[in-house]
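Single-letter residue listing:
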Amino acid sequence: MSNNQQIFEDWLDGKITDQQCATALQHDAVWYGRMQNAQAIQTDAKAPHFEAVPDFDSSAIFAKQWQRPKPQRSWWPQLSLALSCAAMLISLSPAKFQLQDGSLTLSWQNSQNEINNAVSHALLTYQKEQQQWLVQQLDTQQQSTSSQLVLLKDYLQDELKRDQRSDMLQLVEYLNQQRQADWQYWQENYQPMQAGYRPASNYYSPTNTGVVKP
Amino acid sequence: MFKRSDESLIAKALNGDQSAWQQLVNRHQSALFYFGLRLLGSREDANDLLQDVLMVLCRNLGQYRGDSSFKSWLFGIANYRAMDMLRRRKYSDNDDELAEMPADSPGLPEQLASDRQQKQVQQQLRSLPAEQRLVLELKFYQQFTFDEIASQLAISSNTVKSRFYAALDKLRLQLEDDHVEQSANF
């Protein structure tokens, strides 16, 4: 870039004044002529325009390109959502609507008390059921024990009777054996001796039916 | 009064704010119309260009990223459409139409000298090739820097300067010729 071009471009950019540029370029006919022409065009560019700008409806092309018709807003979805939320809140809250005898009642229930009552009721019912079951079990146990005792008593009695009879039989047998032994001992030891002391007819003679007197 | 930035107006317009769009258009439509008028030479063409650019702008408003100023981005669109129109309508064949354009001034006596000079400048500008005329237009009438013009036209800054100085040289030559003709007339 030549020095004159630099000066000219500085003038175009407004860095130096017309006078400074003209002074610097006056010795170079080419650059001085360019400056004069540029000044003539600048003067023309600064002149006001009297030609009216035609009316042009640019809003139509804008509306066609960028504006979308506003969506028809329906309130039904919002209403539906609001009612759903209200229903959820009512179901979660302690408030309770009750239709009774043709009248609608709004009550504020305490869920904790209800739970406590339900638990107490359930426990009480359970306790009663347990007690009934225990009573039944005790009855059954007692009946079973009684019947078993009766059976045991009968058994023991039978056993006792059997033992007693057996003992008596043994005793009788023993006694019979003893008597037999005494009789045999008498016959062997005392009968001959008796026969030697007196006639046989003088002696008492034992028989099977008793004693025969002499 | 507080003036909203172009970026803020664009953001609002993209959200469907029609008044923001209208403000944006009002802010730039005069510059676009006069740009078209100078470059294309007739009210009808300038009006067509204005409508065309605004339609393209409206369609592509969301594509503005803020890498350059909005005006520079907007004139990038306008340059392309204007050059396209010039190519299609073979503008250079219709110079007669340009020459018949009415003077801007209503003809006040104190403005006569100034008007004569303006008319001369405008006539000579119209005789330049379209690419060179476009560079002068962007530099002097729209006050863009060489780098901004290069960005808008997707060419290098040196090419822009080359077209700029070539245009100034031709203009100078023509002005000189005009001066000679005027001197001869006297």
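This structure is a prediction, so every number in the text was calculated from the model and none was measured.

A tally of helices and strands in chain A yields seven helices and four strands. Secondary structure elements of chain A occur, N-terminal to C-terminal, as α-α-α-α-α-β-β-α-α-β-β. In chain A, buried positions account for 7% of the 214 residues.

The number of helices and strands found in chain B is nine helices and zero strands. Going residue by residue from the N terminus, the α and β elements of chain B occur as α-α-α-α-α-α-α-α-α. The long-range share in chain B, meaning contacts at least 24 apart out of those at least 6 apart in sequence, stands at 64%.

In this assembly, 25 residues from chain A lie in contact with 35 residues from chain B. Take the side of chain A that touches chain B: its biggest share by element is nine residues, from helix α3 (residues 29-46) of chain A. Among the residues forming the side of chain A that touches chain B, the class breakdown is 13 nonpolar, eight polar and four charged.

Here we take up the packing of helix α2 (residues 18-40) of chain B against helix α4 (residues 70-89) of chain B. All names here are of chain B. Contact pair α2 / α4: the axes reach a minimum separation of 11 Å and the direction vectors enclose 30°. Classed by the angle they form, the pair α2 and α4 counts as roughly parallel. Handedness of the crossing formed by α2 with α4: right-handed. Taken together, the residues of α4 that come into contact with α2 (itself represented by H28, L32, F35, G36, L39 and L40) are K71, L74, A78, A82, M85 and L86. Looking at the contact of α2 with α4, its residues break down into nine nonpolar, two polar and one charged.

In an α-helix there are 3.6 residues to a turn, and that puts residues three or four apart on one side. The largest bend along α2 of chain B measures about 40° and falls at H28 of chain B. Following α2 of chain B by one or two positions, G41 of chain B has its phi on the positive side, about 95°.

Residues and elements named next belong to chain A. With zero of its six residues buried, strand β2 (residues 103-108) lies for the most part at the surface. Here strand β1 (residues 95-100) runs beside β2; their pairing, made up of six bridges, is antiparallel. By the bridge assignment, Q100 is partnered in β2 with S103. Between the end of β1 and the start of β2, which pair antiparallel, lie two residues, with D101 showing a positive phi angle near 55°.

Looking at helix α1 (residues 6-14) of chain B, one finds that the buried residues are L9, I10 and A13 of chain B. Along the axis of α1 of chain B, the buried residues cluster in a sector spanning 100°; they form a single face. In the core, the buried residues of α1 of chain B are packed alongside α4 (58-66) of chain A together with α2 and α4 of chain B.

With that settled, the discussion passes to the packing of helix α1 (residues 3-12) of chain A against α3 of chain A. Relative orientation and spacing of two packed helices are given, respectively, by the angle between their axes and the distance between those axes. Residues and elements named next belong to chain A. Between α1 and α3, the shortest axis-to-axis distance is 11 Å and the interhelical angle comes to 15°. In terms of orientation, α1 lies roughly parallel with respect to α3. As for the relative orientation of α1 and α3, their crossing is right-handed in sense. Together, N4, F8, W11 and L12 of α1 and W31, R34, M35 and A38 of α3 make up the contact between the two elements.

Residue and element names in this part refer to chain B. The phi dihedral of Q143 falls on the positive side, at around 60°, and the residue is not glycine. Its place among the elements puts Q143 in the loop between α7 (130-141) and α8 (146-153). A count of 11 C-beta atoms within 10 Å places Q143 in the exposed class. In this structure, A154 takes a positive phi of about 55° despite not being glycine. If you trace the backbone, A154 turns up in the loop between α8 and α9 (157-185). A154 sits in the exposed class, given 9 other C-beta atoms within 10 Å.

Conventions we followed
Residues numbered from 1 in each chain as written. Chains lettered and ligands numbered in written order. Predicted model: local features only at pLDDT ≥ 70, side-chain atom pairs only at ≥ 80, totals over all residues. Helix = DSSP H or I, 4+ residues; strand = E, 2+ residues; numbered from the N terminus. Buried ≥ 20, exposed ≤ 12 C-beta atoms within 10 Å, placed from the backbone. Contact = placed C-beta atoms within 7 Å. Nonpolar A, V, L, I, M, F, W, Y, C, P; charged D, E, K, R; others polar. Axes fitted to C-alpha atoms, helices over the stretch in contact; angles between N-to-C directions. Parallel < 35°, antiparallel > 145°, perpendicular 65-115°, else oblique. Left-handed = near helix turned anticlockwise from the far one by under 90°. Bend = angle between axes of the 7 residues up to and from the residue. Pairing = 2+ DSSP bridges. Arc of directions from axis to C-beta.

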